[in-house]
Amino acid sequence: MRSTLNRNHPQLVQPNRLESLLLHRIKVIEDLLEGVLRDECGQELVDLLRQLRSMCSPEGQAPTVPETEVLKVVEKLELDEAIRAARAFALYFQLINIVEQHYEQEESIVRTRGAITSSPVALPNVGGSAERAENHANGQTELPEHSIFDAILREPNAGTFTWLFPKLKQLNVPPRHIQNIIQNLDIQLVFTAHPTEIVRQTIRAKQRRIAKILGKLDEAEAGLANNTRSNWEVDALQAQLTEEVRFWWRTDELHQFRPTVLDEVEYSLHYFREVLFDAIPQLYHRLSLNLKQAFPKLQPPRYNFCKFGSWVGSDRDGNPAVTPDITWQTSCYQRNLVLEKYIQSVNKLINLLTLSQYWSEVPPGLEKSLGQDQLQMPEVYDRLSIRFLGEPFRFKLSYILKRLENTRDRNQQQAQLIDFSHPIHPQGMNEQIYYPAAQNFLAELRVVQENLQATGINCQELDTLIGQVEIFGFNLTQLDIRQESSCHSDALTEIVNYLQILPKPYNELSESERLEWLTQELQTRRPLIPHDLPFSDKTQELINTFRMIRRLQEEFGVEICRTYIISMSHDASDLLEVLLLAKESGLFDPTTASGTLHVIPLFETVDDLQRAPGVMTQLFDLTFYRNYLVDAQASQEPSSNPPLSLQEIMLGYSDSNKDSGFLSSNWEIYKAQQRLQETAEPYGVSLRIFHGRGGSVGRGGGPAYEAILAQPGYSVNGRIKITEQGEVVASKYSLPELALYNLETISTAVIQSSLLRSTMDSIEPWHEIMEDLSARSRKRYRALIHEQEDLVDFFYEVTPINEISQLQHAARPARRRADNRRTLEGLRAIPWVFSWTQSRFLLPAWYGVGTALQDFLDEKSAEHLTLLQYFYGKWPFFKMVISKVEMTLAKVDLQIAHHYLQELTSSEDVDRFERLFEQIAQEYYLTREMVSKITGNQQLLDGDPNLKRSVHLRNGTIVPLGFLQVSLLKRLRQHQRQDRVALGAGNVSEKDLLRGALLTINGIAAGMRNTG
């Protein structure tokens, strides 16, 4: 029987085991879903889905003239029929995503074990020539002109530790350089709250259960093939899978309410609770094992070389719901989770370390520690002395357990604290019976470990727990505070006006006047802000935020929150304003020019990226600021001698792309990294670049491994910080092995990029060409987005932006400020990208690229094409850019996009919108042509069969869902205009129509595998 959603699955000539498994599992899911839909809704729905699915082309594109068939079917559907069809397609995509994730996890296991083999690639010896001595002295291995970058990416196991260290050995990279990078390895991944995280957590839970069933089904079917399992086990699992899908079908996909910030905190903590808490220590062990096999004499990195941060519950930019007490409660939530994990682990150790004093010696160190415990916690001794007196390790662990429980109970009391104005934090409990800090807990675990080793025994469970404590401490993640720059200048204006200490309002000062005044204030001991705050609510909350940070550091340790990010950073004064506010709360000491809060600029627009080196030069010129950089990071870099002077700088992909287009944005970020590095070096300042990447290509998304390798020159140097957002978090970190593989590829890329520097980054003529391409692309993009007066109306009419804003999916608003006017300025980049994706334009990720490339080829066609093809093969940055554009183009469907225009545009707007569409279409086809010429592919994605399979798997089924969305949007908007005659359904409520439209948004987001 043909499947409801039958398609021609992309077939490979000889699919390997994993590919066969994927195709088999997709077929199972399709048949299962068809059966559930038939039982739940009848054969009529099954027939309708088949009819809709058959109306697109074999390539998965919408028909050229859809009116003849599709519209007749879609337009005559009753609302409940349309909603059922949309839900069915959406559920199909969700299930296919689970299957693909499961397949990706299985593939990652094979890759990390080095089981994929290929013919060896001949590589040059880059280690011994005299002309490379200078680069070796700097800890960099310079690749020759015939770069191995492209060959490396083609190697099946590239991106894994199994591949990396033998490759470094093969390339004769000096071990001392490897040791230097490994010793200082610093990878930070930061979870952010995503304003278009569209999947309910209830649905996420169902996804996880289905993924587990699929894993068991794989094992059972494999066992059935070799006669170690029985048919009934397979049948039982298939029945369980069917049951889960049936429950899912009867579950509402839409959020019932707008989640609170603390809801979002709970959502993000799930990944730590279920996956990351156990995965990160495994990452350390994988790296250490593979390093030792290739380089036995080298030392492994610190346990916490890869750690996580979070903005969830601490990012204030545009979200008034994030208040000081919310951030405080977030910290307590995080600590509670990690303490509960430690309590579970210690309970396991109590049951494991049952060594008796009659059969194992009791080391003196353990006896001494137990004596101290008896004095400090006599009630524990009285309760357990008879039970554990002959089992000293269990006795010691019982004291540890009680201290952990006391620490947890105290933390739950601290969560209720909401007054941050008092300068002294109440303690309330004797420090001898709880752990004030993770280091106290770690020290006790070390006592157990050392005394256990003294008896000749090692305990892997204990070693793992020690690693987890070193990685997560009592805080789980570091919280980054973020706020928009104007909030600080507005607050200082109000404060200065109240105190009347400047001849004119602060906001009216020039930049040089601001710098002069801020520098003076930062070097005086006199407080500026009174204890009682006679200011506006907004200014009071900002001041209380800094006081809360001080209290956080006192209670949780400095490491809980030492990063303050300033979005929309334009000038040096933006950073000094924050430093001044930090000084007023005791986070910066003017007498020593030292502080515990690291101020980080976020350069987002193209203009700000270009100005960034000048801004940082002004700051580095200030002696007290350079001194502050050393002290602010001293606790982070204990091995540095002399202490490392480190400036973190965040670069924003989203707003720069919205501002200037994809090619210009990526090139400006690339240049900014190079120029910032050149700016910092004369001052002896090291940089950590914080990449603000989103999930979609239009916001810097894409494969992390290739993206890191595409960074310029010395910009990585063993340290990097990257945001992980929304559906990216779910796709990377829902399954343990897949999460571990993603972490491994990122770690591999950081080491690889730091040790194997391509000379292509420093070829000035290439940079001049890229500068020219970037300028052409930016001009073309801005002519449409910012200069074409009809574009704003086009965007609001032809995409579902207004309906997206009504999704109850995130605590943060879609706009930076409460402003419902039809403008692009206040609209966040995420819903901007999301809306273009829904309507299948995906315009922000490619528009302008084709014109730039064509203009360049028009100058010297054959010669310039050869040059661009050479760039594509040899320059990681250029290859990354073209590959992302190619992937995006493969997801574009202008036929369905044009259908949005035709059906959602009022008659008086059709002509002007058609002219805009024609301009977009010409650029699209031109960009496809240019990309194909450069890559040499006859069809998009020919060079990446796995990605091509994934895209084609979805494209065809998204088409009918797009038609359904257009039909529902049209009815909804007609209803909102009270055009009941055109609607033809006076008894249909706006609420029901909106619900239907939102369900299609969910479905298309699942099908495209990203939102914003």
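Bear in mind that the values here come from a model prediction, so they are computed numbers and not experimental data. (Residues numbered from 1 in each chain as written. Predicted model: local features only at pLDDT ≥ 70, side-chain atom pairs only at ≥ 80, totals over all residues. Heavy atoms only, no water.)

> Teacher, can you tell me more about the overall build of the protein here?
When helices and strands are counted, the protein shows 40 helices and 12 strands. Among the 1012 residues that make up the protein, the fraction classed as buried is 63%. By sequence separation, contacts in the protein at least 24 residues apart represent 83% of the contacts at least 6 residues apart. (Helix = DSSP H or I, 4+ residues; strand = E, 2+ residues; numbered from the N terminus. Buried < 20%, exposed > 50% of the residue type's maximum accessible area, 1.4 Å probe, protein only. Contact = heavy atoms within 4.5 Å.)

> Before we go on, may I ask you to explain the environment of Arg204 in this structure?
Within the secondary structure, Arg204 is located in helix α9 (residues 201-225). Judged by relative accessible area, which is 7%, Arg204 ranks as buried. Each C-alpha atom of the pair Arg204 and Ser734 lies 9.0 Å from the other, and the pair is 530 residues apart in sequence. A distance of 3.1 Å separates the side chain of Arg204 from the side chain of Gln207, its partner in a polar contact. (Polar contact = N/O pair within 3.5 Å; in protein donor to acceptor, adjacent residues only side chain to side chain.)

> Looking at this model, I keep getting lost on the pattern of salt bridges. Mind explaining?
Where charged atoms from two side chains of opposite charge approach closely, those side chains can pair. Taken as a whole and judged by the stated rule, the model has 57 salt bridges. In this structure, Arg87 and Glu253 form a salt bridge, with 2.7 Å as the shortest nitrogen-oxygen distance. One end of the pair, Arg87, is in helix α4 (residues 79-112); the other, Glu253, is in the loop between α10 (231-249) and α11 (261-294), with 166 residues separating them in the sequence. Summarising the burial analysis for this pair, Arg87 and Glu253 share the class buried. Of the charged contacts in the structure, one is a salt bridge between Arg408 and Asp409, with a shortest N-O distance of 3.3 Å. Classification of Arg408 as buried rests on a relative accessible area of 18%. Note on Asp409: relative accessible area 30%, which makes it partly exposed. One connected set of salt bridges, linked through shared partners, spans Asp186, Lys307, Asp480, Glu648, Arg688 and Lys721. (Salt bridge = Lys/Arg side-chain N within 4 Å of Asp/Glu carboxyl O.)

> Can you help me understand the sheet that holds strand β10 (residues 686-692) in this one?
Hydrogen bonding along the main chain pairs the strands of a sheet, whether they run parallel or antiparallel. One closed barrel accounts for eight strands, arranged β2-β3-β4-β5-β8-β9-β10-β11; its pairing is parallel. Ignoring which end each strand starts from, the neighbouring axes of this sheet average 25° apart. When strand β2 (residues 186-192) meets strand β3 (residues 306-310), the two strands line up parallel, connected through five bridges. The partner of Gln188 across the bridge, within β3, is Lys307. (Pairing = 2+ DSSP bridges. Axes fitted to C-alpha atoms, helices over the stretch in contact; angles between N-to-C directions.)

> How do you make sense of the confidence of the model for the protein when you look at a structure like this?
Close reading of the predicted structure is inappropriate where its pLDDT is low. With 87% of its residues at a pLDDT of at least 70, the protein reaches an overall mean of 87. Contacts of residues 634-640 to residues separated by more than four positions or lying in other chains number 11 contacts, the stretch itself having pLDDT below 50. The model gives residues 981-985 a pLDDT under 50, and that stretch makes five contacts with residues more than four places away or in other chains. (pLDDT = per-residue confidence, 0-100.)

> Explanation requested: the pairing of strand β9 (residues 646-652) in the structure shown.
Residues in a regular strand point their side chains to alternate faces of the sheet. Of all seven residues making up β9, seven are buried, and the element is well covered by its neighbours. Here β9 runs beside β10; their pairing, made up of seven bridges, is parallel. Its bridge partner being in β10, Ile649 is matched across the sheet by Ile689.

> Explanation requested: helix α40 (residues 990-1008) in the structure shown.
One full turn of an α-helix is made of 3.6 residues, so residues set three or four places apart face in the same direction. In this model, α40 (19 residues) spans 27 Å end to end at C-alpha, consistent with the 27 Å of a helix rising 1.5 Å per residue. Extensive coverage of α40 is indicated by the burial of 15 of its 19 residues. (Expected span 1.5 Å × (residues − 1).)

> Just to check I follow, could you spell out the packing of helix α18 (residues 485-499) against helix α21 (residues 572-584) for this structure?
Between α18 and α21, the shortest axis-to-axis distance is 9 Å and the interhelical angle comes to 60°. Judged on the interaxial angle alone, α21 and α18 are oblique. Considering how the two elements wind past one another, α18 and α21 form a crossing that is left-handed. Where α18 approaches α21, its residues Ser485, His488, Ser489 and Leu492 are matched on the opposing element by Asp574, Glu577, Val578, Leu580 and Leu581. Per-class residue counts for the contact of α18 with α21 are four nonpolar, three polar and two charged. (Parallel < 35°, antiparallel > 145°, perpendicular 65-115°, else oblique. Left-handed = near helix turned anticlockwise from the far one by under 90°. Nonpolar A, V, L, I, M, F, W, Y, C, P; charged D, E, K, R; others polar.)

> I would appreciate a short explanation of α11 in the present structure.
For α11, built from 34 residues, the straight-helix expectation of 50 Å at 1.5 Å per residue is met to within 8% by its first-to-last C-alpha distance of 46 Å. Maximal helix bending in α11 amounts to about 55°, located at Val275. (Bend = angle between axes of the 7 residues up to and from the residue.)

> Please explain the environment of Lys297 as it appears in this structure.
With respect to the element layout, Lys297 can be found in the loop between α11 and β3. Through-space distance from the C-alpha of Lys297 to that of Pro175 is 8.9 Å; in sequence the pair is 122 residues apart.

> Looking at this structure, I do not really get the nonpolar core. What am I missing?
Among soluble globular proteins, nonpolar side chains are generally buried collectively. Ranked by internal contacts, the top residues of the largest apolar core, which has 141 residues, are Leu773, Phe794, Trp832, Phe841, Trp875, Phe878 and Leu964. Among the elements that line this core, the one with the most residues is α4, at 15 residues. Not counting the four nearest positions on each side in its chain, Phe841 is found in contact with Phe794, Val798, Trp836, Trp846, Val892, Leu894, Ala897, Phe917 and Ile920. Counting 98 residues, the second largest nonpolar core, distinct from the first, contains Phe272, Leu353, Leu397 and Ala438. (Core = buried A, V, L, I, M, F, W, Y, C linked by side-chain atoms within 4.5 Å.)

> What exactly am I supposed to notice about the pairing of strand β8 (residues 598-603) here?
Buried residues dominate β8, accounting for six of its six residues. Neither face of β8 is open: one carries His598, Ile600 and Leu602, the other Val599, Pro601 and Phe603, and all of them are buried. Relative to β8, strand β5 (residues 563-567) runs parallel, the two being bridged by four bridges. Looking at the pairing, Ile565 lines up with Ile600 of β8. As judged from the two bridges shared by β8 and β9, these two strands associate in the parallel manner. Paired with Leu602 across the two strands is Met650, which belongs to β9.

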